[in-house]
Amino acid sequence: SSPSSAANTVKNTINFPAPTDLYWKFKEVPIVGNVYVGNYKEPIGFEHLMSSRWLNFMERSYNQDLFYGPNNNGFTPGITLTDTYAEERGVWAIGAYKNQNNSNVFGYDIGDGNYAGTGRFTYLLIDDKECHQLFHVGASGSIRDPNTVNGNDTIRYRARDLRNGPANLATVYVDSNTFFADRQYLANVELAGINGPWSFQAEWTGSWATNARTAAASPSLGTNYTTGSYAEVHYFLTGESRDYDRKAGVFTRIIPERNFRWKSGCWEPGAWQIAFRYSYANLQTLPISGQGGHLNDYTFGLNWFLNPNMKIQWNYALAQRSFSKPVDGVHVDDGLIHQFGMRLAHDF
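Worth saying up front: this structure is predicted, and the values here are computed from it rather than measured. (Residues numbered from 1 in each chain as written. Predicted model: local features only at pLDDT ≥ 70, side-chain atom pairs only at ≥ 80, totals over all residues. Heavy atoms only, no water.)

Moving on, we come to unusual backbone geometry. Despite not being glycine, E87 shows a phi value in the positive range, around 55°. You can see E87 is positioned in the loop between β3 (75-85) and β4 (90-98). A relative accessible area of 79% places E87 in the exposed class. Residue E88 is not a glycine yet carries a positive backbone phi of 65°. Within the secondary structure layout, E88 lies in the loop between β3 and β4. (Helix = DSSP H or I, 4+ residues; strand = E, 2+ residues; numbered from the N terminus. Buried < 20%, exposed > 50% of the residue type's maximum accessible area, 1.4 Å probe, protein only.)

Right, here's the structure in full:
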């Protein structure tokens with residue numbers, strides 16, 4: 001629909017359900033393996049592609065809001081070709097999509113063009129099923145035509161943390177505000193591993209916005225570079241080992257060795273896991289308006305898996321926000337933000 005249409009407004013979409021994974025899958029297609037057509041996640045980023053049902057923390061890292069799904073949670077319409085190789089030690093995926101990162105899940109603010117090409121390749125350097133050991137490496141990238149609003153291509157970077165709460169309660173800590181650019185390039189590198197009860201994952205993502213401008217008719221500020229990264233480690237106190245989906249190239253559901261129960265005087269604990277994550281975001285390289293600064297986040301987590309379909313998570317996150325230069329000519333104070341959250345999740 002035309003971005004200039006008066007009907008294109010988000011005011012009437014509050015409290016309405018929205019599609020996430022909604023697609024057709026064609027299996028065993030000659031040469032390409034599998035074909036997805038519909039609305040789903042683009043193949044970029046290890047953490048992004050993991051289902052929210054088995055994330056290690058209550059929220060994903062800053063990369064999710066910055067690059068993969070700032071307003072649409074990362075679900076976009078498109079077509080993907082994907083398959084495994086080397087006896088399922090690796091996964092490849094490539095596709096074309098309608099870029100709506102800066103719009104919402106209903107597709108408002110989408111104009112003509114706005115297409116994206118995205119691809120991902122992974123490989124298991126170590127894959128010892130008997131000893132529960134593996135080492136995963138991967139890389140992905142995307143070329144994107146920014147969203148067109150009123151005839152101009154725009155981009156916005158922002159980052160949140162424990163982001164429960166609507167509108168005025170949203171915890172946006174750094175925000176570039178909307179600016180103008182001709183093209184966006186994303187690059188991602190990912191590592192992950194399992195060694196018995198231990199597991200880890202880490203990622204770096206960079207974004208390059210070409211011909212960046214503060215206004216549509218303003219002089220070009222060149223190519224702006226923004227980056228985000230994280231590293232995390234997890235340990236099962238009760239001896240479980242993390243599972244890995246070889247067809248998708250990501251961690252999958254956690255299954256306790258003994259489901260939580262109390263019966264006939266016997267207590268079974270379920271699975272208990274401790275976790276730590278460091279996450280980083282840098283918007284200070286943007287020579288544009290907005291609160292573009294540095295974020296350093298330290299998140300401590302305790303997870304209790306009562307059974308494969310139910311878990312309780314406790315998170316404490318300490319976010320450190322800093323600015324190396326004034327924002328719109330005004331000095332912004334650095335500071336620490338303490339956050340605590342708890343989640344009870346049950347999927348079926």
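This next bit is on the packing of aromatic side chains. Under the counting rule described, the total for this entry stands at 20 aromatic pairs. Between W272 and W304 the ring centres are 4.8 Å apart and the planes differ by 15°, which places this aromatic pair in the stacked class. Highlighted residues: W272 in strand β19 (residues 271-282) and W304 in strand β20 (residues 294-307), separated in sequence by 32 residues. Taking relative accessible area as the criterion, W304 reaches 14% and is therefore assigned buried. Ring centres 5.4 Å apart and planes at 40° place the aromatic pair Y278 and Y298 in the tilted group. You can see Y278 sitting in strand β19 and its partner Y298 sitting in strand β20, a full 20 residues away along the chain. An aromatic cluster of three or more residues is present, and its members are Y23, Y36, Y40 and Y97. The ring of Y115 has K98 lying over it, and the distance from NZ or CZ to the ring centre is 4.8 Å. Its end group placed over the ring of F57, R277 keeps NZ or CZ at 4.6 Å from the ring centre. (Phe/Tyr/Trp six-rings, centres within 6.5 Å; stacked < 30°, edge-to-face > 60°. Lys NZ or Arg CZ within 6 Å of the ring centre and 35° of its normal.)

The next thing to look at is the confidence of the model for the chain. When pLDDT is averaged across the chain, the result is 86; 83% of the residues are at 70 or more. The low-confidence segment residues 1-11 (pLDDT under 50) makes 15 contacts with residues lying over four places distant or belonging to another chain. (pLDDT = per-residue confidence, 0-100. Contact = heavy atoms within 4.5 Å.)

Right, let's get into the nonpolar core. Y62, L66, Y157, F179 and L295 are the most contacted members of the largest nonpolar core, which has 19 residues in total. Breaking this core down by element, the ones donating at least two residues are α2 (62-68) and β10 (172-175). By residue number, the principal contributor to this core is α2, which donates four residues. The residues touching L295, leaving out its near neighbours within four places in the chain, are Y62, A159, Y173, V174, S279, Y280, A281, Q320 and R321. (Core = buried A, V, L, I, M, F, W, Y, C linked by side-chain atoms within 4.5 Å.)

It is worth spelling out the side chain of N39 at this point. Within the secondary structure layout, N39 lies in strand β2 (residues 33-41). Beyond its immediate stretch of four places on either side in the chain, N39 contacts P19, T20, D21, L22, Y23, F75, T76 and P77.

Inspection of the secondary structure assignment puts Q339 in strand β22 (residues 335-346). Its relative accessible area of 7% is what places Q339 among the buried residues. Engagement of the side chain of Q339 in a polar contact is seen with the side chain of Y173, the distance being 3.0 Å. Sequence-distant contacts of Q339, defined by excluding residues within four places in its chain, comprise D161, L162, Y173, D297, N315, Y316, A317 and A319. (Polar contact = N/O pair within 3.5 Å; in protein donor to acceptor, adjacent residues only side chain to side chain.)

Before going further, it helps to examine the pairing of strand β14 (residues 224-236). Two elements, strand β13 (residues 198-210) and β14, share 12 bridges in a ladder whose sense is antiparallel. From the neighbouring strand, A209 faces β14, where its bridge partner is N224. When β14 meets β19, the two strands line up antiparallel, connected through 10 bridges. When the sheet's bridge partners are listed, S229 is paired in β19 with Y280. (Pairing = 2+ DSSP bridges.)

This part covers the pairing of strand β21 (residues 310-322). Bridge count for β20 against β21 is 13 bridges, and the pairing is antiparallel. Bridge pairing links N303 to Q313 in β21. Summarising the sheet, β21 and β22 pair through 12 bridges and their orientation is antiparallel. Each residue of the ladder has a partner; that of K311, found in β22, is A345.

Attention shifts here to the pattern of salt bridges. For the structure shown, the criterion picks out 13 salt bridges. Between E88 and K247 there is a salt bridge, with the nearest N and O atoms lying 2.7 Å from each other. Residue E88 is found in the loop between β3 and β4, and its partner K247 is found in the loop between β15 (244-245) and β16 (250-251); the two are separated by 159 residues along the sequence. Assessed through its relative accessible area of 28%, E88 is described here as partly exposed. When salt bridges with common partners are traced through the structure, they connect D127, K129 and R246 into a single cluster. (Salt bridge = Lys/Arg side-chain N within 4 Å of Asp/Glu carboxyl O.)

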